[in-house]
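So you can see what is in the structure, the chains are spelled out below.
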Amino acid sequence: MKKIDLPIEKDEATPTNPDFDWGLKMLGIFVWFLAFSYLMFFIFSNIVLQNISLETEKKWFWNMVNWKKFNYENFIDYKIPEFKNYNFYLNPSEEINAYALPWWNININKGLLKNIENQEELVFIMAHEMTHVKNRDVLKALSTKIPMKLTFALLGFDIDLANTSVLDIWWNYLSKDTELKADKWAIQILEKYKINPLCAKKFFTRDHNFWDSVMEMMSDHPLNLTRIKLLEKSAKKMWFSDEKNCKKLKNIIN
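Below is a short write-up of the structure. (Residues numbered from 1 in each chain as written. Predicted model: local features only at pLDDT ≥ 70, side-chain atom pairs only at ≥ 80, totals over all residues. Heavy atoms only, no water.)

Helices and strands together make up the secondary structure of the protein, namely 11 helices and four strands. Counting only residues that meet the buried cut, the protein has 41% of its 254 residues in that class. Of the contacts made within the protein by residues no fewer than 6 positions apart, 70% connect residues no fewer than 24 positions apart. On the protein, roughly 16,100 Å² of surface is accessible, and the fraction owed to carbon and sulfur atoms is 62%. (Helix = DSSP H or I, 4+ residues; strand = E, 2+ residues; numbered from the N terminus. Buried < 20%, exposed > 50% of the residue type's maximum accessible area, 1.4 Å probe, protein only. Contact = heavy atoms within 4.5 Å. Areas by Shrake-Rupley, 256 points an atom, 1.4 Å probe, with all protein chains shown as cover.)

With five of five residues buried, strand β2 (residues 87–91) is to be regarded as a mostly interior element. As defined by bridge partners, strand β1 (residues 68–69) adjoins β2 across two bridges and the pair is classed as antiparallel. Across the sheet, residue Lys69 finds its bridge partner in β2, namely Tyr89. Relative to strand β4 (residues 105–109), β2 runs parallel, the two sharing five bridges. Residue pairing for β4: Asn91 is matched across the bridge by Asn109. (Pairing = 2+ DSSP bridges.)

A separate point is the packing of aromatic side chains. Tallying each qualifying case throughout the model produces seven aromatic pairs. Ring geometry for Tyr72 versus Phe83: centroids 5.5 Å apart, planes at 80 degrees, classification edge-to-face. Here the residue Tyr72 occupies a position in the loop between β1 and β2, and Phe83 occupies one in the loop between β1 and β2, the gap between them amounting to 11 residues. Overall, Phe83 belongs to the buried group, its relative accessible area being 0%. (Phe/Tyr/Trp six-rings, centres within 6.5 Å; stacked < 30°, edge-to-face > 60°.)

With mixed pairing, the four strands of this open sheet are ordered in space as β1-β2-β4-β3. If you trace the sheet from one side to the other, it starts and ends with β1 and β3 (98–101), each paired once. Sitting on the sheet, helix α4 (residues 119–134) is in contact with β2, β3 and β4, with an inclination near 25 degrees to β3. (Axes fitted to C-alpha atoms, helices over the stretch in contact; angles between N-to-C directions.)

Okay, here's the thing in structure tokens:
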């Protein structure tokens with residue numbers, strides 16, 4: 001233990017005489033470190049990723065998906081050339097979901113197929129997920145959220161606490177914006193191949209209810225009602241007025 005001579009010199013830091021200059025310096029270093037980290041993640045997400053071709057990305061990363069290939073031709077009659085550029089897999093999960101992964105991979109859950117009636121619904125969902133791959137949305141999400149989580153950890157907050165924070169609500173807002181952009185691109189695919197958007201919207205009308213609107217703030221996806229309106233607007237533009245000619249899935253998953 002260091003011996004303290006009395007009287008204490010003013011320039012020597014003690015519990016009753018803290019060194020504020022040192023504290024401000026450490027705080028400045030911490031803020032600089034966070035700002036630099038965010039800048040690096042931002043550059044990676046918005047500059048580096050955007051300038052790497054999908055072909056290059058496919059060469060750099062190995063395929064870690066172990067599920068069997070999803071032969072979508074067995075379920076839809078529509079010929080969408082863009083689908084051939086991506087790897088679609090059938091996930092045995094019963095969850096009603098489909099999601100994109102890096103490296104051109106898209107998973108279609110078995111539970112999702114059980115909840116789909118029309119071919120148009122599946123085309124829209126597949127095109128939506130293609131947009132996430134094309135725009136590097138998965139990698140962008142990781143490179144954006146990781147520094148946020150690290151910030152909470154460095155400040156001494158539990159990572160789980162961060163999941164229920166105002167910060168996470170802000171993240172949900174950004175995620176909803178990304179999802180809407182993917183919806184709009186998927187609608188362009190429907191319009192390009194003259195596919196009835198009213199048939200595609202049935203996936204969302206099936207699940208729409210009052211609580212869907214109430215929980216919007218806590219969700220990372222747009223309201224079903226918002227997505228329905230986008231599809232209806234597209235249908236009006238394409239002169240579709242009914243759902244009479246919707247095509248049923250060619251096969252049924254048990």
